[in-house]
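# Structural description and commentary
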Amino acid sequence: MTDLTKVGPPLGLQTTSDDMSPEQRCSIYIVNIELLCDLDWRGRLLLGAELSRLKYSGDFTRDKIWETDDIARSWEEWLKRRDFRLEGGESAISEPTAKALIMWSVLYANFAAENENRAERGLLPLPLPTSISQLTPYASLMQRVDDWQKPELNQASFSSMQPPFAENQPQVIAAWQEAFESIPPDKRTRKGELRPPTKTESADYFRKKEGLKALKAREEKEIQEAALNVGAKPADPAKQSAAAAPPRPKAKTKPAPKKSQAELEAERRAYQIQDDVRSYRLKMNNLQQSAESLEAFIKNTLAREGSESYLRELRRQEMGIYSVDNDVEKLRDAVVVCQSIYKLITESYERPEPISRHEVDPTTATVDC
């Protein structure tokens, strides 16, 4: 499963280890979950990860909230008794909500990898979910691991529990993309940004897809029945004779006139222009979205920490290719590139002089002293 502690700083979360007792780990998980319920979307990611660890480790069965005579300590009942509440939420985290939070913690890495791939191909990124409820229509597509060993804490609590979600979820990502693309193009954005499909839009997409499957199955059944009924009526001798007669010569069709070189060049030029417009637009959108995303990240981070000294702390972290010790230099380079782009598209273009390549005979070449 994906380690989502790498999404950002630990946010003051306590860590657990295998050396601890299940009771100790359970109490730490509960403190972490209560803290994460009050945080933003990143907290939701880590909240799903904490719920997943607690659920599939079985440590929740050792919570002190249980009575000593509670034998069947189910995950759903434990959530009811703990009564965790998200910030601003009027009801406790139910089992379906906990499942959606765990789904989101698993899917985030899948969305990030897919959008990196799309950026390399010059495509717009897929919009990320803005609410865990948007993920509920995709629950049935989530793949699970096949080598999970149930904890040996309280087997009665795990008799009906399904295995954890697998790390890679290609079916969900593919369905999310199809649901987004099923939205009319003029309704795919909100305030100039791509928006994710709502829960209703995703549900409508799945209903239409199931309807098409049913229609296709019905058509295939009708074709099979028609094939089985071939020959049910006696053959008509007149039709048989007509079919056996030599075919009439077909009138020769005139070949389509060949396009002139100028017409072919005009079509190629039109296609090139349309392709360049699409590429230009996609790259500008990617640039703007990346810049706005970076700005929002820095603003939120500074607002949360309250001081720019936190950025200096981030620069001191040695994390290989993920290190940000040269962030100022990289931003300065990015500004220089953007200024160059602005100059290219706003000023008159002057084609550079071709480089002349004169072959010099080394036996006759002279050097000026």
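No experiment lies behind these values; they were computed from the predicted model shown. (Residues numbered from 1 in each chain as written. Predicted model: local features only at pLDDT ≥ 70, side-chain atom pairs only at ≥ 80, totals over all residues. Heavy atoms only, no water.)

### Observations concerning helix H3 (residues 75–82)
We count it as follows: Classification of residues uses two cut-offs on accessible area relative to the type maximum, computed with a 1.4 Å probe and protein chains only: under 20% is buried, over 50% is exposed, and between them is partly exposed. Note on conventions: DSSP H or I runs of at least 4 residues are helices, E runs of at least 2 residues are strands, and numbering of each starts at the N terminus. Directions pointing from the helix axis toward each C-beta atom define the arc.
Turning to H3, its buried residues number three or more, namely Trp75, Trp78 and Leu79. For H3, the arc enclosing every buried residue in end-on projection is 100 degrees, short of the 170-degree limit, so these residues lie on one face. Following H3 by one or two positions, Asp83 adopts a phi angle in the positive range, close to 55 degrees.

### Digging into unusual backbone geometry
The residue Asp83 is not glycine, and still its phi comes out positive at about 55 degrees. Here Asp83 shows up in the loop between H3 and helix H4 (95–120).

### Looking at the packing of aromatic side chains
The description of an aromatic ring pair rests on the distance of the ring centres and on the angle between the ring planes. Quick reminder of the rule: Any pair of Phe, Tyr and Trp rings, taking the six-membered ring for Trp, is counted once the centres come within 6.5 Å. Such a pair is stacked with planes under 30 degrees apart, edge-to-face with planes over 60 apart, and tilted for the rest. By definition here, charges over rings are those cases where NZ of Lys or CZ of Arg is within 6 Å of the ring centre and within 35 degrees of the ring normal.
Within this structure, the stated rule accounts for 10 aromatic pairs. Between Phe60 and Trp75, the aromatic rings sit 5.3 Å apart at their centres with planes inclined by 75 degrees, giving edge-to-face as the arrangement. Linking Phe60 in the loop between helix H2 (41–57) and H3 with Trp75 in helix H3, this pair joins segments that are 15 residues apart in sequence. For Phe60, a relative accessible area of 0% puts it in the buried group. Plain terms: the ring middles of Phe60 and Trp78 are 6.1 Å apart, the flat faces sit at 55 degrees to each other, and that makes the pair tilted. Of this pair, Phe60 sits in the loop between H2 and H3 while Trp78 sits in helix H3, and the two are 18 residues apart along the sequence. Through a chain of ring-to-ring contacts, three or more aromatic side chains come together here, namely Trp104, Tyr108, Phe111, Tyr138, Trp176, Tyr205 and Phe206. The ring centre of Phe180 lies 5.6 Å from the NZ or CZ of Arg188, which sits over that ring.

### Considerations on a nonpolar patch on the surface
So the rule is basically this: The patch calculation keeps residues exceeding 30% relative accessible area without a salt bridge and links them within 9 Å when they carry like charges or within 5 Å when they are nonpolar (Val, Leu, Ile, Met, Phe, Trp, Tyr). Computed with a 1.4 Å probe, the accessible areas rest on the Shrake-Rupley method; for each residue, only the protein chains presented here act as cover. Should a side-chain nitrogen of Lys or Arg be within 4 Å of a carboxyl oxygen of Asp or Glu, the pair is scored as a salt bridge.
Where nonpolar side chains cluster on the molecular surface, the patch consists of Tyr280, Met284, Val337, Ile341, Tyr342, Leu344, Ile345 and Tyr349 and spans about 890 Å² of accessible area. Elements that contribute at least two residues to the nonpolar patch include exactly helix H8 (261–305) and helix H10 (327–346). Per-element tally for the nonpolar patch: the top contributor is H10, with 5 residues. Locating Ile341 in the fold gives a position in helix H10. Take Ile341: its relative accessible area is 40%, and that puts it in the partly exposed class.

### Remarks on the nonpolar core
Most often, soluble globular proteins keep nonpolar side chains buried together rather than apart. Keep this limit in mind: We call a set of buried Ala, Val, Leu, Ile, Met, Phe, Trp, Tyr and Cys residues a nonpolar core when their side-chain atoms join them within 4.5 Å.
Counting residues in hydrophobic clusters, the biggest one holds 42 residues, and the most contacted among them are Leu51, Leu54, Trp75, Trp78, Met103 and Tyr138. Looking at this core, the elements that each hand over two or more residues are helix H1 (22–36), H2, H3, H4, helix H5 (170–181) and helix H6 (199–228).

### A short note on H5
Just so we agree on the cut-off: Multiplying one less than the number of residues by 1.5 Å gives the expected span of a helix.
With 12 residues, H5 should cover 16 Å at 1.5 Å per step; its first-to-last C-alpha distance of 17 Å lies within 8% of that length. Here H5 has its buried residues at Val172, Ile173, Ala175, Trp176, Ala179 and Phe180. Seen along its axis, H5 keeps its buried residues to an arc of 165 degrees; they face one direction.

### Let's talk about the environment of Asp83
Convention followed: Counting of polar contacts relies on pairs of N or O atoms within 3.5 Å, with two restrictions inside protein: one atom must be capable of donating a hydrogen and the other of accepting it, and residues adjacent in sequence are counted only when both atoms are side-chain atoms.
For Asp83, a relative accessible area of 35% translates into the label partly exposed. For the pair Asp83 and Ser94, spaced 11 residues apart in sequence, the C-alpha to C-alpha distance is 8.5 Å. Among the polar contacts listed, one links the side chain of Asp83 to the side chain of Arg85, at a separation of 3.3 Å.

### Let's talk about the packing of H4 against H5
To be explicit about the condition: Axes here refer to lines fitted to C-alpha atoms; in helices the fit is confined to the stretch in contact. Angles between the N-to-C directions go from 0 to 180 degrees. Here is the rule for handedness: rotate from the far helix to the near one, and if that takes an anticlockwise turn smaller than a right angle the crossing is left-handed, while a clockwise turn gives right-handed. Residue contacts follow a heavy-atom distance rule, with two residues in contact if any of their heavy atoms lie within 4.5 Å. In this classification, the charged set is Asp, Glu, Lys and Arg, the nonpolar set is Ala, Val, Leu, Ile, Met, Phe, Trp, Tyr, Cys and Pro, and all remaining amino acids, among them Gly, are polar.
At a minimum axis separation of 10 Å, H4 and H5 run at an interaxial angle of 65 degrees. Of the two elements, H4 crosses H5, and the hand of that crossing is right-handed. Within the contact between the two elements, H4 uses Leu107, Asn110, Phe111, Glu114 and Arg118 and H5 uses Val172, Ile173, Trp176 and Gln177. Its residues assigned to classes, the contact of H4 with H5 comprises 5 nonpolar, 2 polar and 2 charged.

### So, the confidence of the model for the protein chain
Selection criterion: Each residue carries a pLDDT score, the predictor's confidence in it, ranging from 0 to 100.
When the pLDDT values of the protein chain are averaged, the result is 78; 74% of them are 70 or greater. Segment residues 1–11 is flagged for pLDDT under 50; beyond a separation of four residues in sequence, or across chains, it makes 25 contacts in the model. Overall, residues 226–232 carries pLDDT values under 50, and its contacts beyond four positions in sequence, including any with other chains, amount to 0 contacts.

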